[in-house]
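Chains, contacts and geometry: an overview
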Amino acid sequence: MNNNTDIAVKHDIDPAETQEWMEALQAVIEKEGRDRASFLIETLLDTARQAGLDIPFSANTPYINTISVDKQPKFPGNFDIERTIRSYVRWNAMMMVLRANKHTNVGGHIASFASAITLYDVGQNHFWNAASDKHGGDLIFSQGHSAPGIYAHAFLLGRLSEEQMDNFRQEVGGNGLSSYPHPWLMPEFWQFPTVSMGLGPIMAIYQARFMRYMQDRGFANTDSRKVWAFLGDGESDEPETLGAIGMAGREKLDNLIFVVNCNLQRLDGPVRGNGKIIQELEGNFRGANWNVIKVIWGRRWDPILARDKDGLVVKRMMECVDGDYQTFKSKDGAYVREHFFNTPELKELVKDYTDRDIWELNRGGHDPIKVFTAFNAAVNHQGQPTVILAHTIKGYGMGDSGQAQNTSHQQKKMSMESIKAIRDRYQLPISNEELLDLPYIRLAEDSAELNYLRQRRVDMGGYLPARRVKAYPLEIPALATFKALLDGTGEGHEISTTMAFVRILNILVKDKQIGKRVVPIVPDESRTFGMEGMFRQLGIWSQVGQLYTPQDAEQLMFYKEDKHGQVLQEGINEAGGLCDWIAAGTAYSTHGVPMIPFFIYYSMFGFQRVGDLIWAAADQRTRGFLLGGTAGRTTLNGEGLQHEDGHSHLMSATVPNCYSYDPTFACELAVIIQDGLRRMYVDQEDIFYYITLMNENYEQPAMPEGAEQDILKGMYLFKKGPNSKKPRVQLLGSGTIFIEVIAAAQLLHDDWGVDADLWSCPSFTELGRDGHSCDRWNRLHPTETPRITHIERCLANSKGPLIAATDYMRVFAEQIRPWVKKSYTVLGTDGFGRSDTRANLRSFFEVDRYHVTVAALYSLVESGELEAGKVEVAIAKYNINPDVTAPWLI
């Protein structure tokens, strides 16, 4: 007897009265049903709490199925045909991994899909709608390690060839299949990358909410569409998996269904060997206001549970921990009889069961009727998201080669005895001789099973998974639309590039062709970025509108929430904002409706904090703009070490389809954004942009005539120095530090008689990529005319050494060194940030105008054009301490 029961007995001062209440409740259940009994209990609890009684909330229910046998709907499919189909899919999924590893070491996973096949099969046959004229299509986030099973299902339908199956994890030569769901590698097949565990669940939540946004704003009818996310119980340890479930519950996302494959094992061993992961997850999700459906036991348990009038089996089910349940299914029926049915009373309940009968007592996740019942309840539930906790066995059916074993996840090979046992168990038409070849099997072309399989998908609108590659092009504004920014601010007028961006955004949202498609996304920093004017102008989207009077209602720019609002405001939540951005940036594919997301955030909290999600966004072919606000290690003064970004461009450079820019001027920003719109929404390139914005005000010059293409390539001549015979240097920079570079050019001229050509470099990353591209082409085409890099073309007729300075680590500008055929000195902000004024920070990191000047003078000394003493004089003149510790060491 557990402690709670002991306490109840000790404090029961009137057992007779207690018994009367128990009998009354039982009478209600028998005569009026479970729903009425539940209503009465809830009403009593509410009344008790209102009376001040301390009644703790319990988020857990007994360790049995949520839906009772009498509530099960009739199974609409052909049970026997579907079992045969599952058997073929199971076999082919196993074969593709075994065959791939027969002659290679490319890996693969058998056990995960073996535990989940029934979950996917029931979904494919009865619930998942493909995009069609009649339905917008459901979104399915498949569990990454189950990819072989998804391929095997497609193979049976004739979507994949045997050659493709044999090229599983062997993609380089073409016609291969990716290891996991990767839209970048299989753009017409996979929709969502999910195998970086934890990302699938959080992305699914925000996709479900973005469906509501699209509906409220009139872009799509999403009423009948669902988002299904499949995940493992071990995956719940990832913070992203459960991190946003509170939002889903709060937003009442009843278009969202999580299916947790609770096979009780992660990669190395049990998920909760000493506990019960299903009960833990039930409490987490119910506490977050989710509808929780537990699918723990299969139909073969129903007669035993019906016999169990005293609740002994249910009690025993609760007593056993997950480590026990894993061990049970790695042994046999005799072991289960001895260790689960471990009392005379329990043994009496199964006295007429053979050991084989006991061994075949199935778990809910392997029972298509129990799974169908749960799925059916989930799709019809209203007012809450649903999580289905399906109890399964890892490596189900693998026998001695992997069922319920700690090594199951890594199992890539199986003994011939196990293979034969699986063939026999599922009655597959393969001879012993054929087994040696590890054959795939197909359904006969005229078979009832193949006709059934095809018809089910026809009835559901088409094949899944499937991905829409293109939508319709948009008509974007011409560059001339941004004339006010191209012409500069004029003398005496100063703005930051952040304010320039806000002006560009205001132009775009007012555009008649694309304005409504712009999706501004901010993580609780609108006022920091000067975007609070959009609160009233566009409204902050909320499913319920605004149910309160905002504190600043009488102000011009009051905080306005609106059911038809355009801005997505995510609170202090970069991961959520990034998931919003992914959902909006893939709307062209998921909804057939191109949307234009602009996600602006503190640059330090972008790639560094949610880099894995950004990598997934790239894989998913997301289109849109990421704006790293308050960027630069010395430009965001005062905030200190955790906020000052000097390396986000190094991270963005690692993403192949991310185009990164660090513009100095409003004209550059306008050119970059307008061309990005063209590439992503007219040409429909699967790329996205990362642009850093600064919060430092200065005059914005007019764009030099004809500079557009050079801006996009990453480097243009901002200003040529005087045409003289004086010593000359080439000064390069980006972002706000280019303002220091410009000032250094003046110091060089006025103090030292040195002239300088000024080069603005909005993208050292694009310059570096262009260099590598030219090098590769030249290497592979040795007899053809060599290609010239953009930087070589720019500097072809220049004289003097080069000095580059940025607000980022030196390696950022070092990207172009291989194609600089002269002396090249790079200054950057290596080291931890700290709080101080901009002037002091730039002096500390040695990127201010004075250090640029000294670097230029020393370069001229190295080239023999100046004497070293002149540099020493300059160091003294500018009060530079030559013996101070390097900033990256402090």
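Residues numbered from 1 in each chain as written. Predicted model: local features only at pLDDT ≥ 70, side-chain atom pairs only at ≥ 80, totals over all residues. Heavy atoms only, no water.

We describe a pair of aromatic rings using the distance from one ring centre to the other and the angle between the two ring planes. In the structure shown here, the tally under the stated rule is 50 aromatic pairs. Measuring from ring centre to ring centre gives 6.0 Å for phenylalanine 258 and phenylalanine 285, while their planes differ by 75 degrees; the resulting arrangement is edge-to-face. Of the two residues, phenylalanine 258 is situated in strand S3 (residues 256-262) and phenylalanine 285 in helix H11 (residues 277-287); the sequence distance between them amounts to 27 residues. Among the residues examined, phenylalanine 285 registers a relative accessible area of 1% and is labelled buried. Between the aromatic rings of tryptophan 301 and phenylalanine 341, the centroid separation amounts to 6.1 Å while the plane-to-plane angle is 25 degrees, which identifies the pairing as stacked. Taken together, the residues tryptophan 301 in the loop between strand S4 (291-295) and helix H12 (302-307) and phenylalanine 341 in the loop between helix H15 (333-339) and helix H16 (344-349) connect sequence positions 40 residues apart. The pair formed by tryptophan 301 and phenylalanine 341 is uniform in burial state, with each residue classed as buried. Among the aromatic side chains, those forming a connected cluster through ring pairs are Phe75, Phe79, Phe113, Tyr120, Phe127, Trp128, Trp228, Phe230, Phe372 and Phe375. In this arrangement the basic side chain of lysine 331 is found over the ring face of tyrosine 335, its NZ or CZ atom lying 5.7 Å from the centre. The ring of tyrosine 396 has arginine 425 lying over it, and the distance from NZ or CZ to the ring centre is 4.9 Å. (Phe/Tyr/Trp six-rings, centres within 6.5 Å; stacked < 30°, edge-to-face > 60°. Helix = DSSP H or I, 4+ residues; strand = E, 2+ residues; numbered from the N terminus. Buried < 20%, exposed > 50% of the residue type's maximum accessible area, 1.4 Å probe, protein only. Lys NZ or Arg CZ within 6 Å of the ring centre and 35° of its normal.)

The next thing to look at is the nonpolar core. Of all hydrophobic cores here, the largest spans 88 residues; its most connected members are Phe501, Phe598, Phe625, Ile673 and Leu731. With 10 residues, the top contributor of residues to this core is helix H29 (residues 666-681). For isoleucine 673, the contacting residues outside a window of four places in its chain are Phe501, Ile504, Leu508, Phe598, Phe625 and Ile691. Counting residues in hydrophobic clusters, the runner-up holds 85 residues, among them Leu231, Ile245, Trp541 and Ala584. (Core = buried A, V, L, I, M, F, W, Y, C linked by side-chain atoms within 4.5 Å. Contact = heavy atoms within 4.5 Å.)

Bringing the sheet that holds strand S14 (residues 688-692) into the picture now. Spatially, S10-S7-S11-S12-S14-S13 is the arrangement adopted by the 6 strands of the open sheet, whose pairing is parallel. Of all the strands in the sheet, the pair left with one neighbour each is strand S10 (568-569) and strand S13 (658-661). Contacts from H29 reach strand S11 (596-602), strand S12 (624-629), S13 and S14, with the element oriented near 170 degrees to S14. (Pairing = 2+ DSSP bridges. Axes fitted to C-alpha atoms, helices over the stretch in contact; angles between N-to-C directions.)

Let's shift gears to the pairing of strand S7 (residues 518-522). Of all the 5 residues making up S7, 5 are buried; the element is thus mostly covered by neighbouring parts of the structure. Burial of S7 is two-sided: the residues Val518, Pro520 and Val522 facing one way and the residues Val519 and Ile521 facing the other way are all buried. Pairing analysis gives 4 bridges linking S7 to S11, with the strands arranged parallel. Note on S11: the bridge partner recorded for proline 520 is phenylalanine 598. The sheet contact formed by S7 and S10 spans 2 bridges and is parallel. Bridging from a neighbouring strand, valine 522 pairs with glutamine 569 of S10.

Moving on, we come to the sheet that holds strand S5 (residues 386-391). Read from one edge to the other, the open sheet built from 5 strands follows the order S1-S2-S3-S5-S4, with strand pairing classed as parallel. Single-partner strands in this sheet number two, and they are strand S1 (139-141) and S4. Direction aside, the axes of adjacent strands within the sheet are offset by 15 degrees on average. Note that strand S2 (residues 227-232) and S3 share 6 bridges and pair parallel. Bridged to glycine 232 within S3 is asparagine 261. Packed on one face of the sheet, helix H5 (residues 111-126) meets S2, S3 and S5 and runs near 140 degrees to S3. Sitting on the sheet, H11 touches S3, S4 and S5, and the angle it makes with S4 is about 165 degrees.

Assessed through its relative accessible area of 0%, phenylalanine 258 is described here as buried. Each C-alpha atom, one on phenylalanine 258 and one on proline 385, is 8.1 Å from the other, the two residues being 127 residues apart in sequence. Beyond its immediate stretch of four places on either side in the chain, phenylalanine 258 contacts Pro201, Ala204, Ile205, Ala229, Leu231, Thr241, Ile245, Phe285, Trp290, Thr386, Val387 and Ile388.

Below, the discussion takes up the side chain of aspartate 619. Relative to the helices and strands, aspartate 619 is located in helix H27 (residues 607-619). One buried charged side chain, aspartate 619, makes no salt bridge at all; its nearest oppositely charged neighbour is arginine 621, positioned 6.5 Å away. If near-sequence neighbours (up to four positions away) are discounted, aspartate 619 is found in contact with Pro181, His182, Pro183, Trp184 and Pro193. (Lys, Arg positive; Asp, Glu negative; His and termini not counted. Salt bridge = Lys/Arg side-chain N within 4 Å of Asp/Glu carboxyl O.)

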